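The lines below spell out each chain.
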Amino acid sequence: MLQVRNVHKSFQKNKILNGVDVTVNKGDVVAVLGPSGAGKTTLLRCLNFLETADEGTMDFDDIHTSLAHASKKTIAAVRKKTAFVFQDYNLFNNKTALENVMEGLVIARKIPKAEAETIAKKALDKVGLSHRYDYYPSSLSGGQQQRVGIARAIAVNPDVILFDEPTSALDPELIDEVLSVMKMLAKEGTTMIIVTHEMSFAQDVANHIIFMDGGVVVEEGDPTSFFCNPQMERTRQFLKRMLIPMDYSI
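Residues numbered from 1 in each chain as written. Predicted model: local features only at pLDDT ≥ 70, side-chain atom pairs only at ≥ 80, totals over all residues. Heavy atoms only, no water.

J.: Break down the overall build of the protein for me, citing the residues and quoting the values.
T.: In terms of helices and strands, the protein carries 9 helices and 10 strands. In summary, the protein has a C-alpha radius of gyration of 18 Å against a globular reference of 18 Å for 250 residues, a match within 12%. Viewed in the frame of its principal axes, the protein has a C-alpha envelope of about 55 × 55 × 35 Å. Sequence-distant contacts, at least 24 apart, represent 62% of the contacts inside the protein between residues at least 6 apart. Counting every atom, the protein has about 12300 Å² of accessible surface; 49% of that belongs to carbon and sulfur. Averaging the positions of the 28 positive and the 31 negative side-chain charges in the protein gives two centres separated by 5 Å. (Helix = DSSP H or I, 4+ residues; strand = E, 2+ residues; numbered from the N terminus. Rg over C-alpha atoms; globule rule 2.2 N^0.38 Å. Contact = heavy atoms within 4.5 Å. Areas by Shrake-Rupley, 256 points an atom, 1.4 Å probe, with all protein chains shown as cover. Lys, Arg positive; Asp, Glu negative; His and termini not counted. Charge placed at Lys NZ, Arg CZ, Asp CG, Glu CD.)

J.: So what's going on with the sheet that holds strand E8 (residues 192-195)? Residues and values would help.
T.: Strands belonging to one sheet form pairs held by backbone hydrogen bonds; the direction of such a pair is parallel or antiparallel. If you walk across this open sheet you meet the 6 strands as E6-E7-E8-E3-E9-E10, and the pairing is mixed. Each edge of the sheet is formed by a strand with only one pairing partner; in this case those strands are strand E6 (82-85) and strand E10 (216-221). Strand-to-strand twist in this sheet, taken as the mean axis angle between neighbours without regard to direction, amounts to 15°. For strand E9 (residues 208-213) and E10, the ladder comprises 5 bridges, and the chain directions are antiparallel. Bridge pairing links Phe211 to Glu219 in E10. Strands strand E3 (29-33), E9 and E10 of the sheet are contacted by helix H9 (residues 233-243), whose axis makes an angle of about 100° with E9. (Pairing = 2+ DSSP bridges. Axes fitted to C-alpha atoms, helices over the stretch in contact; angles between N-to-C directions.)

J.: So what's going on with the environment of Met58? Residues and values would help.
T.: Relative to the elements of secondary structure, Met58 occurs in strand E4 (residues 55-60). On the basis of relative accessibility, which here comes to 0%, the residue Met58 falls in the buried class. Beyond its immediate chain neighbours, meaning those up to four positions away, Met58 contacts Leu2, Gln3, Val4, Leu47, Phe49, Ile63, His64, Thr65, Leu67 and Val78. (Buried < 20%, exposed > 50% of the residue type's maximum accessible area, 1.4 Å probe, protein only.)

Structural data, given as structure tokens:
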């Protein structure tokens, strides 16, 4: 379904991605793990052309393109097949929840407003926000704002949803409400690539794990193998640090 090969990206002299390969099949939930600065978000943004890679190729169904030299037409075609959920929500503050979800449908996809409103309401209902259509972002909690962001993504019926650390900006008590929506989407067979620090979520929901560090894929595999029998020492170090039990008696 989606395959990228040999992705490179630098910012000035700082090498962020150094020959990354990723394969995603229809229905996959791919969790991309790794320490801060590993290149995870940059990879995700290159997949949607929010960043232009320096090198690399993409095969996405019938689309074959260079990630470095894609035409505007090709970029538009890829974006029609994807949706992006940002860690900082990226909502329009002067628009209601309903208007935020409708915006991409009306402006980018040229769907008539009446039809777009029906689609947007259905998406908001799906993420548990049927009672918040007319609320502005300032009147919504962080978890509710992120659920609006997810509703906006699912409203366009993409082939793949890209999640960039969707819970990182949330207070701890709000994380579960967002993860529960993502679990629901996974059960429905939604194809997702998720950059996350939520280890238990990745272990329970993903069917494929990619561990990145230093701009490369260090290790990848199914969750059982990755979490229970990691092959690389760098992976073992990461998991030991991320999964070590907290001692609250201190």
